[in-house]
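What the coordinates show
So you can see what is in the structure, the chains are spelled out below.
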Amino acid sequence: QVQLVESGGGSVQAGRSLRLSCAASGYSFTGNCMGWYRQAPGKEREGVATINPGGGTTYYTDSVKGRFTISRDNAKNMVYLQMNSLNPEDTAVYYCAAAAPNWRAGNWFGNCRFGYWGQGTQVTVSS
């Protein structure tokens, strides 16, 4: 079974930082790209960032470029999202995502096709 467990969310003031963590298990972590999605109140879930298996290639949605950094530690089966200069528009539930095998339905974001998501962690940014 594939399990993705997010942590690190919380409530912060605008301009502050948070680091989200995702622990993956039951998955071929080192051979697949990973990512982060988010869903704000009243909006659809959107892709935030992706990272390739080796960690050398990343992709970000325009609204977070220059502020967020995705990284991974393959030895620990962990992926992270460092979020700096947070603003109220970043308020959302953030979900860790893993690439889908070819037999599973998935959604394309960046150069990855994601088919698994975790339970989410809430990030709230106040003015």
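Residues numbered from 1 in each chain as written. Predicted model: local features only at pLDDT ≥ 70, side-chain atom pairs only at ≥ 80, totals over all residues. Heavy atoms only, no water.

Okay, unusual backbone geometry next. Of note, the phi angle at Asn77 is positive, near 55 degrees, even though the residue is not glycine. Take Asn77: it is sitting in the loop between β7 (68-73) and β8 (78-83). Residue Ser85 is not a glycine yet carries a positive backbone phi of 50 degrees. Its location among the elements puts Ser85 in the loop between β8 and β9 (92-99). Judged by relative accessible area, which is 42%, Ser85 ranks as partly exposed. (Helix = DSSP H or I, 4+ residues; strand = E, 2+ residues; numbered from the N terminus. Buried < 20%, exposed > 50% of the residue type's maximum accessible area, 1.4 Å probe, protein only.)

Before going further, it helps to examine the nonpolar core. Most often, soluble globular proteins have nonpolar side chains that are buried together. One finds Met34, Trp36, Leu81, Met83 and Tyr94 to be the most contacted residues of the largest nonpolar core, which totals 37 residues. Elements with a minimum of two residues in this core: β3 (18-25), β4 (34-39), β5 (46-51), β7, β8, β9, β11 (112-117) and β12 (121-126). Excluding anything up to four places from it in sequence, Tyr94 contacts Glu6, Leu20, Trp36, Tyr37, Arg38, Val48, Phe68, Leu81, Met83, Gly120, Thr121 and Val123. (Core = buried A, V, L, I, M, F, W, Y, C linked by side-chain atoms within 4.5 Å. Contact = heavy atoms within 4.5 Å.)

Here four strands make up an open sheet; going across it, the order is β1-β3-β8-β7 and the pairing antiparallel. Of all strands in the sheet, those bounded by a partner on one side alone are β1 (3-7) and β7. Each strand of the sheet is rotated relative to its neighbour by a mean of 15 degrees, with strand direction disregarded. Sheet analysis places β7 next to β8, joined by six bridges and oriented antiparallel. (Pairing = 2+ DSSP bridges. Axes fitted to C-alpha atoms, helices over the stretch in contact; angles between N-to-C directions.)

Two aromatic rings, taken as a pair, are described by how far apart their centres are and by the angle between their planes. One pass over the structure, following the stated rule, counts four aromatic pairs. With a centroid separation of 5.6 Å and 85 degrees between ring planes, the pair formed by Tyr37 and Phe114 is classed as edge-to-face. Of this pair, Tyr37 sits in strand β4 while Phe114 sits in strand β11, and the two are 77 residues apart along the sequence. Phe114 matches Tyr37 in its accessibility class, with the two residues each being buried. Taking relative accessible area as the criterion, Tyr37 reaches 6% and is therefore assigned buried. Cation over ring: Arg45 sits above Trp117, and NZ or CZ is 4.5 Å from the ring centre. (Phe/Tyr/Trp six-rings, centres within 6.5 Å; stacked < 30°, edge-to-face > 60°. Lys NZ or Arg CZ within 6 Å of the ring centre and 35° of its normal.)

When you line up the elements, Val2 lands in the segment before β1. Aside from chain neighbours lying at most four places away, what touches Val2 is Ser25, Gly26, Tyr27 and Tyr116.

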